[in-house]
Amino acid sequence: MRNLLPLATLVLLAGPAACGPSPTPASPAGGQGEVKVGPSQAAASPAFDLSPVAEPAAVVGVVRWGNPSATLSSLAACAGLSPTVADASAQAIASTLLGELVSSSIDANQLAGVLALDAPVHLLVALDESAKQAKPVAAVSLGLTSLERARGALETGATLTEVKPGMWKIGGKEPSSSSCFLAASAGSAPARLLCGDRDRDVMALGPYLARTLPTLSPEERDLHGEVRFVPLSAKYGEMAKRDLRGLPILAQSQLAIGQPQFDRALTDAATAVQGELEALIDDAGKAFIDVRVDSQSCMNLTAGLELRGQSSWLAGTLADEARRAGPAPALYWRAPKDSHGAFFDQGGDPTRYGDILKTLRVMLEGWLEKEKIGKPADRKALADILSLPLTQPAASVSAHGRTAPAPAAAKAGQATPNERLDGLLDGFIGWNLYGVDAAPDGIVKYLKNAVVAYNTPGLRTRLPEVDIDPKQLPTVKTVPAPKELGKNALAIEIQIKDIPKLDDGAAAGSTPPGNKAKPKPTTVTLHLLLMGEEKTTWIAFGDDRRELLRRLGMVKAGAPDAETLASRPGLEPLKSGKFVYGGFSTLAPITRGIQRVLTTLGGSGAGGGMQPLVDVQQFGDALAKLPHKGEGLMLVTAQDQGGAGPRPAISINLSKPVLEDIGALLAAGLQMAGITKP
């Protein structure tokens with residue numbers, strides 16, 4: 001199976017053996033031993049038995065890529081790339097994969113010319129029922145356009161040995177990283193290349209890969225893959241549970257510190273983890289991933305789990321969240337319209353996390369006591385940070401973005417070192433908002449207590465013993481809140497000291513050569529502002545205090561909808577449906593962050609600084625010329641069917657504007673590499 005990993009990495013986004021009901025499981029067809037290689041056989045009769053065979057027993061992994069050529073062509077069209085790019089990509093992928101699978105004596109490029117890129121690609125993994133060891137059997141199946149042409153391409157570099165009618169072993173003594181066979185096939189491709197780590201893998205799975213999977217009805221999904229946990233649980237579940245029973249003893253022997261409070265909590269935690277893992281063994285059904293590509297929505301990726309029960313804490317939590325699924329809450333539509341990303345969460349039950357957090361608090365207090373750090377009240381204050389400020393489920397929203405582009409002076413390389421540093425900070429941090437449908441009292445109290453605990457002298461005096469200088473830690477303190485935020489407000493200031501200041505080229509030019517003074521370090525100040533309303537709390541975080549106040553003004557109750565997500569097009573799918581989580585992101589945080597860095601570090605004038613390399617300049621130009629400026633929407637939604645067997649899934653949609661921006665960057669990269677012309 002190790003040699004199939006390069007292929008699996010590419011096609012494991014694909015899927016199960018096919019849609020529709022699977023045939024009744026049966027023992028793997030074919031021989032189980034290694035194939036003995038003999039002289040090449042003459043061409044066999046074309047009347048091969050291609051009737052379907054049953055699915056092998058204990059299949060644990062299946063992958064299907066329905067039509068690689070169509071998928072790549074659709075993606076290229078969505079990205080605005082030439083069809084020749086898709087064709088070249090398909091051929092490059094084919095040659096690379098074949099080079100990994102077949103013997104080096106075989107011309108991979110010639111064989112790639114026989115591949116049927118419009119035929120399904122399959123990968124199958126099953127437990128070896130006849131083996132005592134846990135090593136599975138695995139094989140991959142690639143369609144070929146012609147059996148005779150494939151024989152011709154293979155025989156130029158390897159021998160072919162017929163092992164059964166319509167199936168030939170490829171190679172004799174030639175070195176090869178995989179065991180490969182040529183087989184006559186049912187379905188759209190008349191022949192298939194079957195490869196696995198060992199002969200026995202292909203002989204066990206090959207008949208099903210060549211005679212059954214290609215004939216099953218095509219799916220709407222371009223790619224589908226799944227891992228089935230039920231066969232694994234049936235074969236190894238009880239053994240795994242027996243091994244897990246030793247987890248509490250192992251934890252005590254390896255992690256106990258001799259402090260009774262800590263050690264008891266450690267045992268409780270290990271016992272809880274043991275119980276949860278045992279329950280998950282019983283609950284787990286399968287994990288799946290689907291990819292759909294079309295000309296309208298372009299690309300949609302969905303990944304999820306199918307559970308068989310709710311005996312585990314995870315399954316119960318997922319089922320609980322599913323009961324609160326719905327459209328995006330009203331709070332979500334108050335987020336700023338120009339956000340580069342904004343997400344909502346319907347909120348889980350905080351009480352479900354109570355026991356977990358209690359155990360962690362006890363362990364932290366016990367460890368602090370063991371190390372004689374602080375007084376009991378100090379230790380409790382620090383441990384109380386491991387708690388939740390909410391007592392009831394509450395919907396929440398988060399949003400982030402960047403401030404306006406740097407001024408012209410910065411672009412011309414004339415900005416001061418502090419201005420350039422501020423530009424870098426904004427490129428990475430920007431502004432961040434978090435809102436929750438809950439009154440501010442509990443959250444304000446929690447944040448104040450966290451600041452007090454952070455600054456407790458009794459907790460800091462021991463830091464030098466672990467090579468931490470308290471003076472080098474960021475300073476965190478509450479400061480007077482701006483009056484614009486109202487009475488239920490809080491302001492916290494975070495200062496990070498001794499940040500190296502960027503070199504000022506102009507100043508450097510006035511310093512005699514060989515006597516250039518090092519730039520003095522500077523201090524970076526970050527701000528956390530809380531604005532409390534009657535039943536809603538908003539928190540803003542970033543480096544620009546004025547920008548944070550402006551953003552909080554946008555989301556304040558009664559603010560005009562014109563500046564909120566309520567007026568942003570493209571988010572209509574979030575207004576209907578049942579989601580436990582959702583929102584959107586864009587490429588803008590990445591593209592603009594990189595642009596800001598290139599402008600700040602590479603735009604210095606003659607006075608000093610970095611002179612950008614040509615390829616860096618070209619990349620910066622490509623970012624500036626993106627057709628949609630990185631603002632295309634990537635919708636993200638999470639759903640959960642709940643019920644006796646929860647089925648949580650998360651979907652990501654890459655819209656056409658997103659793919660067109662990616663395509664523009666790819667085209668620019670190909671030009672920079674000299675592969676294509678402008």
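Residues numbered from 1 in each chain as written. Predicted model: local features only at pLDDT ≥ 70, side-chain atom pairs only at ≥ 80, totals over all residues. Heavy atoms only, no water.

(A) Quick look at the overall build of the protein chain. Per the secondary structure count, the protein chain includes 21 helices and 20 strands. Counting only contacts in the protein chain whose residues sit at least 6 apart along the sequence, the fraction spanning at least 24 positions is 74%. Carbon together with sulfur atoms contributes 59% to the accessible area of the protein chain, which is approximately 32,600 Å² in total. (Helix = DSSP H or I, 4+ residues; strand = E, 2+ residues; numbered from the N terminus. Contact = heavy atoms within 4.5 Å. Areas by Shrake-Rupley, 256 points an atom, 1.4 Å probe, with all protein chains shown as cover.)

(B) Geometry of the packing of helix α7 (residues 230-244) against helix α9 (residues 260-283). The geometry of α7 relative to α9 is characterised by a closest axis approach of 10 Å and an angle of 175 degrees between their N-to-C directions. Relative to α9, the element α7 lies roughly antiparallel. Within the contact between the two elements, α7 uses Ser233, Gly237, Ala240, Lys241 and Leu244 and α9 uses Gln274, Leu277, Glu278, Ile281 and Asp282. Along the lines of polarity and charge, the residues of the contact of α7 with α9 split into four nonpolar, three polar and three charged. (Axes fitted to C-alpha atoms, helices over the stretch in contact; angles between N-to-C directions. Parallel < 35°, antiparallel > 145°, perpendicular 65-115°, else oblique. Nonpolar A, V, L, I, M, F, W, Y, C, P; charged D, E, K, R; others polar.)

(C) Local environment of the packing of helix α2 (residues 68-78) against helix α21 (residues 656-672). Contact pair α2 / α21: the axes reach a minimum separation of 8 Å and the direction vectors enclose 90 degrees. With respect to α21, the element α2 is oriented roughly perpendicular. Counting all contacts with α2, which are made through Leu75, Ala77 and Cys78, the residues of α21 involved are Lys656, Leu659 and Glu660. In terms of residue class, the contact of α2 with α21 is built from four nonpolar, no polar and two charged.

(D) Structural detail: the pattern of salt bridges. The full count for this structure, using the stated rule, is 22 salt bridges. Across the salt bridge formed by aspartate 384 and lysine 380, the nearest N and O atoms sit 2.9 Å from each other. The class for lysine 380 is partly exposed, based on a relative accessible area of 45%. A salt bridge links glutamate 493 to lysine 477, with the nearest nitrogen and oxygen atoms 3.9 Å apart. (Salt bridge = Lys/Arg side-chain N within 4 Å of Asp/Glu carboxyl O. Buried < 20%, exposed > 50% of the residue type's maximum accessible area, 1.4 Å probe, protein only.)

(E) Local environment of the packing of aromatic side chains. A complete count under the given rule lists five aromatic pairs for this structure. On the basis of an interplanar angle of 85 degrees and a centroid distance of 5.9 Å, the ring pair of phenylalanine 48 and tryptophan 168 is categorised as edge-to-face. One end of the pair, phenylalanine 48, is in the loop between α1 (5-11) and β1 (59-65); the other, tryptophan 168, is in strand β5 (residues 167-170), and 120 residues separate them in sequence. An aromatic cluster is defined as three or more aromatic residues linked by ring pairs; in this entry it consists of Tyr332, Trp333 and Phe344. (Phe/Tyr/Trp six-rings, centres within 6.5 Å; stacked < 30°, edge-to-face > 60°.)

(F) Region of the structure containing a nonpolar patch on the surface. A surface patch of nonpolar side chains, amounting to about 370 Å² of accessible area, comprises Trp313, Leu314, Ile356, Leu360 and Leu386. Looking at the secondary structure, you find leucine 314 in helix α10 (residues 313-322). Classification of leucine 314 as partly exposed rests on a relative accessible area of 31%. (Patch = residues over 30% accessible without salt bridge, like charges linked within 9 Å, V, L, I, M, F, W, Y side chains within 5 Å.)

(G) Fine view of the nonpolar core. Leu98, Leu142, Leu144, Ile170, Leu182 and Leu193 are the most contacted members of the largest nonpolar core, which has 50 residues in total. Setting aside residues no more than four positions away along its own chain, leucine 142 makes contact with Leu98, Leu101, Leu115, Val121, Ala191, Arg192 and Leu193. By size, the runner-up hydrophobic cluster in this structure holds 29 residues, among which are Leu331, Leu571, Phe579 and Leu635. (Core = buried A, V, L, I, M, F, W, Y, C linked by side-chain atoms within 4.5 Å.)

(H) Structural view of the state of the cysteines. For the structure on display, the rule yields two disulfides. Two residues, cysteine 78 and cysteine 298, share a disulfide whose sulfurs are 2.3 Å apart. An S-S torsion of about -100 degrees defines the bridge between cysteine 78 and cysteine 298 as left-handed. Placement of cysteine 78 in helix α2 and of cysteine 298 in strand β10 (residues 298-307) is noted, with a sequence separation of 220 residues between them. In this structure, cysteine 78 and cysteine 298 share a single accessibility class: buried. (Disulfide = S-S within 2.5 Å.)

(I) View of the side chain of arginine 460. Inspection of the secondary structure assignment puts arginine 460 in helix α16 (residues 457-460). In this structure, arginine 460 is buried with no salt-bridge partner, the nearest side chain bearing the opposite charge being aspartate 469 at 8.0 Å. A distance of 3.0 Å separates a polar side-chain atom of arginine 460 from the backbone oxygen of tyrosine 454. When near neighbours in sequence (up to four residues on either side) are disregarded, arginine 460 contacts Tyr454, Asn455, Pro470, Leu473 and Pro474. (Lys, Arg positive; Asp, Glu negative; His and termini not counted. Polar contact = N/O pair within 3.5 Å; in protein donor to acceptor, adjacent residues only side chain to side chain.)

(J) Quick look at helix α3 (residues 83-101). Between its first and last C-alpha, α3 extends 27 Å over 19 residues, near the 27 Å set by a 1.5 Å rise per residue. Listing the buried residues of α3 in full gives Val85, Ala86, Ala90, Ala94, Ser95, Leu97, Leu98 and Leu101. (Expected span 1.5 Å × (residues − 1).)

(K) Region of interest: α9. Over its 24 residues, α9 runs 34 Å from end to end, which matches the ideal 34 Å to within 8%, given 1.5 Å per residue. In this structure, the buried residues of α9 make contact with α7, α8 (247-255), β9 (284-294), β10, α10 and α11 (354-370). The opening residue of α9, the one whose side-chain oxygen lies 2.9 Å from the backbone nitrogen of glutamine 261, is glutamine 259.

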